[in-house]
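Each chain is listed here by its residues.
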Amino acid sequence: MTVVADSGPLIHLAIVGQFLLLKRYFYSLLIIPQVYEEVATQGQGKPGDPELRQAVRDGWIIIEPVTDSALVQRLAAPNISETDAAVVACALEKRAALILADDSDVRELAEREGLSAIGSVGILLYSRLEGVIPALKPFLDQLVAAGFHLDP
């Protein structure tokens, strides 16, 4: 199963110390170079940076560029950045089964394009239902304290 990730879940799951849930549930992930740049270069020293660098070294996160620039342009919109459009375009190009994104506009775009989408909270919820984490609320509280917006 091909899964493409945006930067949000990489950063947010690192903030709560649960980055490896990505490997547990998805085995391997694809990201575009712009996501790597955002998390590991622009975000150097911040949550997600060391975890992403290690995952790329270990080979379970793979960096793949988008080849169809016309598709990226078609997907870009006032509320969708070029990077977010490229994430969705990559998922479409690779015929991904799932896209990981926390931005609701990106998830909505992915779903309009026929892709399934899940975010950090969905991954944490699933891991709680499976008994992998003992409780959900402490992780949600950490995310909110870090500036993550949860709709009540």
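The rules we used
Throughout this document, residue positions are counted from 1 along each chain, in the order its sequence is written. Local features in a predicted model are, by the rule used here, given only for residues with pLDDT of at least 70; side-chain atom pairs are given and counted only at 80 or more, and totals for whole chains, interfaces and linings are based on all residues. As a rule here, side-chain values come from all non-hydrogen atoms in the structure, and water together with hydrogens is ignored. Only buried Ala, Val, Leu, Ile, Met, Phe, Trp, Tyr and Cys residues count toward a nonpolar core, and they belong to the same one when joined by side-chain atoms within 4.5 Å. Throughout, exposure labels follow a simple rule: accessible area from a 1.4 Å probe, protein chains only, divided by the maximum for the residue type, with under 20% read as buried, over 50% as exposed, and the rest as partly exposed. Every helix listed is a DSSP run of H or I at least four residues long, and every strand listed is a run of E at least two residues long, numbered separately from the N terminus. Between the first and last residue of a helix there are one fewer steps than residues, each counted as 1.5 Å, and that sum is the expected span. Contact between two residues is taken to exist if any of their heavy atoms lie within 4.5 Å; hydrogens are not considered. The arc under discussion is defined with respect to the helix axis, by the directions toward the C-beta atoms. Counted charges follow a simple rule, with Lys and Arg positive, Asp and Glu negative, and His plus the chain ends left uncounted. A pair is scored as a salt bridge if a Lys or Arg side-chain nitrogen falls within 4 Å of a carboxyl oxygen belonging to Asp or Glu.

K.L.:
Can you help me understand the nonpolar core in this one?
P.N.:
Most often, soluble globular proteins have nonpolar side chains that are buried together. Counting 52 residues, the largest nonpolar core has Leu 10, Leu 22, Phe 26, Leu 29, Ile 61, Leu 100 and Leu 124 as the members making the most contacts within it. Ranked by the residues each element gives to this core, the list is headed by helix α6 (residues 82–93), at seven residues.

K.L.:
What should I look at first to understand α6 in this one?
P.N.:
What sets the pattern is the α-helix's 3.6 residues per turn: residues three or four places apart point alike. Between its first and last C-alpha, α6 extends 16 Å over twelve residues, near the 16 Å set by a 1.5 Å rise per residue. Of the residues making up α6, those classed as buried are Asp 84, Ala 85, Ala 86, Val 87, Val 88, Ala 89, Cys 90 and Ala 91. Packed against the buried residues of α6 are β1 (3–5), α3 (33–41), α5 (69–75), β4 (98–100) and α7 (104–112). Of the residues one or two after α6, Arg 95 is the one with positive phi, at around 50 degrees.

K.L.:
Help me understand helix α4 (residues 49–58) in this model?
P.N.:
The complete set of buried residues in α4 reads Asp 49, Leu 52 and Ala 55. The buried residues of α4 occupy an angular sector of 135 degrees when the element is viewed end-on, so they sit on one face. Where α4 is buried, its residues meet α1 (7–15), β2 (29–31), α3 and β3 (61–63). Positive phi shows up at Gly 59, right after α4, with a value of about 90 degrees.

K.L.:
What should I look at first to understand the side chain of Asp 84 in this one?
P.N.:
Mapped onto the secondary structure, Asp 84 falls in helix α6. The side chain of Asp 84 is buried and forms no salt bridge, while Arg 107, the nearest opposite charge, is found at 11 Å. What Asp 84 contacts, discounting residues up to four positions off in sequence, is Asp 6, Asp 103 and Val 106.

K.L.:
Just to check I follow, could you spell out the pattern of salt bridges for this structure?
P.N.:
Counting across every chain of the model gives four salt bridges. Two residues, Asp 49 and Arg 53, come together in a salt bridge whose shortest N-O distance is 2.4 Å. Taken as a pair, Asp 49 and Arg 53 lie in helix α4 at a separation of four residues, close to a single helical turn. The residue Lys 137 makes a salt bridge to Asp 141 at a minimum N-O spacing of 2.8 Å. With Lys 137 and Asp 141 both in helix α9 (residues 137–145) and four residues apart, this pair spans about one turn of that helix.

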